[in-house]
Structure formats: C-alpha cells, structure tokens
Amino acid sequence: MTADSKIHSQLKDALYLTQAAWAVLADREGGQWQVLSAQQLTRPRQKALEKILSQPTVDAWLCGALSGGNSRSASLPDPNLGGARLFAFPVAASARVILVGAPQQTARHQRIWRMLASLASNGAAVSATNPSLLPELLAGLPYDLPRSLDRILSAVMRVVSSESAWLAIRRGDALDIEAERNAPRVKGTSVAMEANPLLRRVNRTLAEVVAEAGTPDWKLIPSAGARRGARFWICMPLVLGKRVIGVIALSRNKKLTPAEWQSLRELAAYVAPSVEVVVTFSEMAAHMRRLAMFNEFALTVSSAQTLDQIVKRVFGFLSRGFDTELLGLYLLSNDGMMIREYLYQERKLVSRNLSLSGHPVMPYLQKERVLHVDDLAGTLLPVLNSESRSALAAPLRYRGKPIGLLVLESTRAQAFNLYDDHLMFVLGSHLAGLVEYSRLREEAEGRARNLGLIHEVVQHVIGQTNKQEMAQTTADLLAQYFAFELAAVLLHDPQRNLIAQGFGGTQAANIKDMAKGLELPIQTGITGYVFNTGNSILVNDTSQDGMYKPLRGWRAASEMCAALRDGDRVLGIINVESSQPNAFTQNDLLAIESLAGILATVVTSADQYQRLQKTIQQLRLTQVELKTRMDAQRAAENRLVQAAKLAAVGEMAAGIAHELNNPLTTVSGFTELVLEEIPADVEYRAELEMVLREARRASDVVRRLLDFSRQGERTRARASLNEIVDDVIALTGHLIHTNGVHLSLELSEQLRWVSVDRNQMKQVLLNLIHNALQAMPSGGQLLISTAERDKDGRTWAALCIRDSGTGMSPADRDRVFEPFFTTRGEIGGTGLGLSVTYGIVTDHGGVIDVESAVGTGTAFTVWLPL
C-alpha cells in the first residue's frame, strides 16, 4: 500500500472512531496550504476549506501549531463545512498538519488523532547526513524559484525544528528574503549585509552566527530577525567556494544540540549548489521572459496611436519584465529648451514639462551607451524612490541626435545584469524611433486640431458686430478650447484708444479687476511691442526676456502675442499667457496668427456695419422727429379748429344771451309778482309756477352760455392743485357716496403749485366728477390722482379723473368736446359742460386728454403747465 492510500485509509478509520464530521491532511508548500488527502469532504467544501487556509490569520495559527508541535482548536470560520470547531494536529518533522472538523472532541478522541499524526510522521524526517535521502527535495528545483526555496526551508525545519525561519538569497551586497516559516511579514524584504554587524560577520567568516537573548548580539539582530518570545537566533550561511550566496535564519527556544548542528551544517553545504543553480536558472528564465517581452513590445507598442499610449505600454512591459514600478522617461522638446517627464506613480502615468536647464538628466543625455548604476548614492540621476539602490539609464538617440533618457530603478542592490544592459540598449533604440515618429504625427494632428478649433472660434464671432462682445467671446473660446490660463483680446480705434477688451481663463477675474481700475499696462512690455510694430512674438521663458512686464498679482512664465492688422494699421492684439515655461509651440503661435488675421477682417466689417447702422439710426431719428412735428402740427390745427368753433359759438352765445336775458328777466319778475299777490288756491297758480320754473331754467341756460363765451373777469394766482381737489371733494363727497361710488385719492405730496383761477379749476373738476357719476348709475370706482408727469418734452401737473363706468365709443370720444354734443339728451344734458371745461383748460395754457372704451370706463387727464 502506498503512503497516500495508507493515510487516506487511516483518516477514514479515525473518523469512524471519533465521530468527527470530516478530516484532511494538509501540507504547506510555497507559502500556501494544499489538501493532500480528505475524508467526508465534498469537492466544493474542500475548495471552501482551502480558501479559509489561505487567510493570513489562519495561516499564522497553523504555522504556530507546526512550530510548537502541539495540537490546537478554534471556532470554524465557515459552519457550512460541518462541525463547529476546527482541530489541528501537526505532523512532527514536517510542514504537514491533520485538520479535523467536529462539534467537539474528547480527550480520548484527540489522543487518537495525535497517534495518527505520529504515524504520519514516520519516514517523513529526512537525514541531511545521507544525501541519498534528498532526491525528492531537489527534484524539479530549477523550475520554480519560490517553491524550490520554500521546499529547502521546509527540509531545514524538519531537521531542526524552530519557532520561525527565513531563507534569503544574496544579490549584490543585500540579502533578499524569498521564503519564510511563521514569519510572513519578512518575505520580500531586503537586508543590507555590510550595514548589519552580525550579517557582516557571517559574510567575512563564512561561518554561522548565534545570538542569545540578553546578550549584546541580540540587539544587533536585523529588523527581519527573531520571532518574539524566542531565545536563540541562528544565522547559517549558504557558501559556494568562498562566497556567501544566501543565509538561513532560525528562531528557537532551545539551543541546538551537537547532532542538530551537524545535520544543519551538512544540509546547508548540500543545498548551496542547488540554490545557486536555482537562482541562476531563475535569472536566465527572467531574461528569456524579457526577450519575449521585447518581442511583444515590438508588436504591441508599435501599434500605439499617441505618445502617451506608447509610454504607457512601454512602462507596462518594463514593469512586468523587470518587476519594478520605478520607471521614468525624459524626452527633449523639439527646440531643446524643455524636457517632458513621464513617471509611473501609483500605477498611473504622470507627465509634466520642466526646463532642461539644471535638470539632473542633462549630463546623461549625451551618453551613447546604457548607464548601469549599482549604487545611486553617488550619481546625479533623478531618483524616483528614496529607497532605490540600483538603476539602468538607457539614452534615446534618433539619427545620432539625443532625444531622451529611459530610467529603471530597483530597491535591490545590483538588481540588473549584463543581459539587462543589452536589452535596454535595444529597447531604447527602438523606442527612440517610435517616439520621434509619434511626435511628428502628433505635431501634424496638433496643427489640424488647432485649425479646427480656430474654425470653431470664427464660427461664433463671424456674425458679431459689437466689438466688446466679439472680444469677450473670442477670449472665452480661446481659454475653453485651448485650455489657456489667460487669453486676452484688446481692440483699438484709429486714435489708438482702447475700445474693447475681453479676458478668458483662470486668471481672467484678476485681470478684469485691473482693467476696471485702468491699471492695465497694455502699451508697454510684450503687448506694447506687438501693438507698436505689428509683429507677432513667442516668449517661452519670460524671466530671460527684458520686454516682459508682470501684472499685479500675476506673473506669466510663457507668453505669445499676435497683432490684428488691416494693412499697415494695427486694430488690436491677441495675447495668451501661461504660468508654465515653454507652454506654447510654434503651432500654437501659427494658430493664434491665423485667428488674428480672420478677426481683423471681422473687426473691419464690424466698423463698416456700425457706420452703416449709425447712418440708419440718424435717418430713423429724422423720421421720428418729422413725424413728431407733423403730429404736433396736426394737433395744433385741431386745437385751432376747436378754438375757432368755440369762438364762433361763444360769440353767438354771447349775442343770444344778451338778447334773451332781458325778456327772461321781465317774464320771471312779473311772474313772481303775480304769484305773490294771488291766493294759493287759485286754479291757474300751478300754470304760473310752471312759467316761473321754465323762465328760471332758461336763465340758467343763458348763464351757461355766458360762461361758455368766457365773459367776465378772471383772476389767477399760484395755488395747490391738491387743495382744489380737497375743496371739490368736500362739496361732492356726499353726492359721490349716495350714488354708491367708491372714491380713491392718489395725490402727490411733491406736486408743485400752478398758476390758475381757483374757481374755474373747481368748475372743471366739478364738471368731470358729475360726468363720471352719470356714467356710473349703478355705482363703481372713481379715482382722482395728481402727479408731475412728462409730456411733449416738458413737465406738467397732471390731474386725472378715472371712472369704471359705461365708457364711450371711438366716434363719441372724438366729439366729446364739441359744443351742444351730448349722449344724455334724454335726461336734460345740454352738451356744454365738457366744452366749457375744454375752454377753461386751454385758456390756462393746458391740455385735456380723454381715454375711454365701451364697458371699461373713462379717464380724463388735465395737463397744466408748471
């Protein structure tokens, strides 16, 4: 029966005796736990168990069981596996453990599992004194460096049990820890041999070193040293010839016995050549992988469309091929003034532009061969990481001309070999051609893109005629499309006065504030030079240019300026600035000059359009003025006609009044005498009283005719129009209330006095109020307001009477001031009230207007001169 089938059968028997849910035999190899044999555990549950064993906390717990050689138990993380607790029984002198899942295990059951672990350990221990027992250990070592070193360390742990252990490989003057037992934190770290007295002693004496707790040597143990709680730390060198190629470090609670020392030394001597073979084979395999990477690089990187894509793919290949993310690419600008840095930081590609002057890579750009540096402390290369120990720097040359430098760094000393140098040289040569080709393509695409963006800007401003809007729109679009920090467009008139300005970009707000304060020095500096000469200029380092004048609160490092020219005349400038040196290229200047040429044409067209608009505006003003004069003349003619009508009617009324007044006086007088003398019961007394009433009514008509003809004396004095309104309201307030009309007054307190005849103005207001009350037989709203208002270019005192009555038709509204015209003849209207009102207002040099519509009410406005 084979060993595997035997342990499988033993696990089954033990499960039957202990009534456990399941059991497995697991082995730790290469830092990972693998299930060698399982009972009562399905395939899905076995995968779930392996996932639990890969957890760092569980791994440390099991390693502790192996180191101490004692069984352990803990709550099972996944209850779906079956059994509430997980029991671990280590197999002595091995990296194996029996794991049992069960609700609980009695002391008797646990003794059964320990016995099974003891049986599993028989034959597992390997004697290092007999090399014939090691073929399994060395079988297949050259094919997997981590696994091979882990198996070697497992063999050491079988010979000499320890609380923790690690195995390190020498690379240069440092030890790289590649395998560990019960010390997961130290794996992957590097320890400098010469910097540590104990390791330096091992390197120089080629003999083991032992440090005991409490002695001075105990404090010299390197940071990746003894496990906490151990009392002895043993460092066993792996020697080949007279050179240390690695070390094995052990932490123990007990001293090594002479037999253990003998076994450990023999095992170290036996595995040292194998370790050298494994490391050499691993480095050769890594070199072959890098060559394969270069082939992949040649196929994949060449298909990249942009320079950023090329750099990103190159960094990805180098990171995988050399196992480092400390990568840097430095490319010279076309003019040789700037250098563009590409760095690989936190798995992201970061780029920036810097001045070449004083840059650390400047001395290395002229090199023709790969620079191999094993100690970065003595070089001027830009260090990507303060912990870097070694580096490769490959110059990039195109047709004999240096164009950049590719740098790789590693935190390990002597991390690169001769094969890496050759590979980097070939890689750099190929990369130089790709970079140069990509630059030419990006330059052509940049020109096309700039022209396209300029076309977009032109599309927005081509139809504008307002120069201020044109300047601001252009500046905003330049900042938006080209990502300029400051874009300014300044336009001038033929007298060189600034007439329009636009600012865009992140610094636009500061410059606008300066422009408001008239502190913008546009006639000096680079802008002044371009405006005075008409020549465009590009300055990529303003600190080296004497013409540059900084602005308050803003200092540019790069500036370019182009003139807007119409023949020999400069119409304005376009100025662009950046806080970064060498921010602009000749392509950018070409784009700005193209925009300036088009914008100059737009400005010239706008000037012509504005002159045309000015002419059209003058014609419109003349037309308006002529219409105003015609309207005024027509109104004057209408007033003259109206005045002529009133004058004629007035003369006629005066004559009729004089002719009728005497007989009416006689009739009324004698009628009164007769009525006084006859008794009240005379049958004809009623007829005489009717005669008297009609005579008096006729006298009232005659009196009105006399008023209409404006016969009599008139006295005018400065008076308050508001007081006249108050007096009339005092007389008519009761009448207004009894008619169901709500009165509202809006009298201006700032109204100046007017020169009027108070009694005549009262008569005007009384007539208008009576008319309003007659228009609202069922009640309504009456508003009387006074204010100073403008009319016909002068200020008047305006008295407005607005009612919510029946209103008038347009035909009636046009005849409302004609004498004897009335719409209320059936109720005794004479048609003289508004005619008298019109005569009084015009006699005072005023005007009366009427606004009315059927169903919405009527508003009379009296305009009196101030």
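Cut-offs applied
- Residues numbered from 1 in each chain as written.
- Predicted model: local features only at pLDDT ≥ 70, side-chain atom pairs only at ≥ 80, totals over all residues.
- Heavy atoms only, no water.
- Helix = DSSP H or I, 4+ residues; strand = E, 2+ residues; numbered from the N terminus.
- Buried < 20%, exposed > 50% of the residue type's maximum accessible area, 1.4 Å probe, protein only.
- Pairing = 2+ DSSP bridges.
- Axes fitted to C-alpha atoms, helices over the stretch in contact; angles between N-to-C directions.
- Contact = heavy atoms within 4.5 Å.
- Left-handed = near helix turned anticlockwise from the far one by under 90°.
- Nonpolar A, V, L, I, M, F, W, Y, C, P; charged D, E, K, R; others polar.
- Salt bridge = Lys/Arg side-chain N within 4 Å of Asp/Glu carboxyl O.

Draft legend 1. Seen up close, unusual backbone geometry. The phi dihedral of Gln-40 is positive, around 60°, even though this residue is not glycine. Along the chain, Gln-40 turns up in the loop between strand S2 (32-39) and helix H2 (43-53). When its relative accessible area of 55% is taken as the criterion, Gln-40 is described as exposed. The phi torsion at Asp-792 lies on the positive side, around 55°, for a residue other than glycine.

Draft legend 2. Seen up close, the sheet that holds strand S28 (residues 847-853). In space, the 5 strands of this open sheet follow the order S24-S26-S27-S29-S28, with mixed pairing throughout. Of all strands in the sheet, those with a lone pairing partner are strand S24 (741-747) and S28, marking the two edges. The sheet shows a mean angle of 15° between the axes of neighbouring strands, taken without regard to direction. Helix-sheet contacts for helix H16 (residues 721-738) involve S24, strand S26 (780-791), strand S27 (794-803) and strand S29 (857-865), and the interaxial angle to S24 is about 170°.

Draft legend 3. The arrangement of the pairing of S28 in detail. Every second residue of S28 is oriented toward a common face, the buried set being Ile-848, Val-850 and Ser-852 and the non-buried set Val-847, Asp-849, Glu-851 and Ala-853. Two elements, S28 and S29, share 7 bridges in a ladder whose sense is antiparallel. Counted as the bridge partner of Ala-853 is Gly-857 from S29. Here S28 folds back onto S29, and the loop between the two strands holds 3 residues, one of which, Gly-855, carries a positive phi near 90°.

Draft legend 4. Just the pairing of strand S22 (residues 569-578), in detail. A large share of S22 lies buried, amounting to 9 of its 10 residues. One ladder, built from 6 bridges, connects strand S18 (residues 486-492) with S22; its direction is antiparallel. Note on S22: the bridge partner recorded for Leu-486 is Glu-577. Following strand S21 (residues 558-566), the chain reverses through 2 residues before pairing antiparallel with S22; Gly-567 in that reversal takes a positive phi of roughly 70°.

Draft legend 5. View of the sheet that holds strand S15 (residues 371-373). Judged by pairing direction, the sheet is antiparallel, and its 6 strands sit side by side in the order S14-S13-S12-S17-S16-S15 without closing on themselves. The open sheet terminates on both sides in strands that have one partner only, identified here as strand S14 (348-355) and S15. Across this sheet, the average inter-strand angle for adjacent strands is 15°, counted without regard to direction. With 5 bridges connecting them, strand S12 (residues 327-332) and strand S17 (residues 401-410) associate as antiparallel partners. Bridged to Leu-329 within S17 is Leu-406.

Draft legend 6. Molecular detail of the side chain of Ser-319. By the element assignment, Ser-319 lies in helix H9 (residues 307-322). Among the residues examined, Ser-319 registers a relative accessible area of 15% and is labelled buried.

Draft legend 7. Region of interest: the environment of Asn-334. Among the secondary structure elements, Asn-334 is positioned in the loop between S12 and strand S13 (338-345). It is 9.1 Å that separates the C-alpha atoms of Asn-334 and Arg-439, two residues lying 105 residues apart in sequence.

Draft legend 8. Here's a closer look at the packing of H16 against helix H17 (residues 758-774). Between H16 and H17, whose axes approach to 10 Å, the crossing angle comes to 35°. Note on packing geometry: the crossing formed by H16 with H17 is right-handed. Residues Glu-723, Ile-724, Val-725, Asp-727, Val-728, Ile-729, Thr-732, Leu-735 and Ile-736 of H16 pack against Arg-758, Met-761, Lys-762, Leu-765, Leu-766, Ile-769, His-770 and Leu-773 of H17. Looking at the contact of H16 with H17, its residues break down into 11 nonpolar, 2 polar and 4 charged.

Draft legend 9. Examining the environment of Thr-527 more closely. Its place among the elements puts Thr-527 in helix H13 (residues 525-533). Looking at Thr-527, the relative accessible area reads 12%, which means it is buried. Separated by 20 residues in sequence, Thr-527 and Met-547 place their C-alpha atoms 9.1 Å apart.

Draft legend 10. A look at the pattern of salt bridges. Going through the model one piece at a time under the given rule, you end up with 19 salt bridges. Two residues, Arg-171 and Glu-178, come together in a salt bridge whose shortest N-O distance is 2.9 Å. You can call Arg-171 buried: its relative accessible area is 15%. A residue is classified by how much of its surface remains accessible, and Glu-178, at 21% relative accessible area, is partly exposed. Across the salt bridge formed by Glu-276 and Arg-243, the nearest N and O atoms sit 3.3 Å from each other. Residue Glu-276 is located in helix H8 (residues 258-300), and its partner Arg-243 is located in strand S11 (residues 243-252); the two are separated by 33 residues in the primary sequence. In this structure Arg-243 comes out as partly exposed when scored by relative accessible area, which is 41%. Shared partners join several salt bridges into a network, and the residues in it are Glu-723, Asp-727, Arg-758 and Lys-762.

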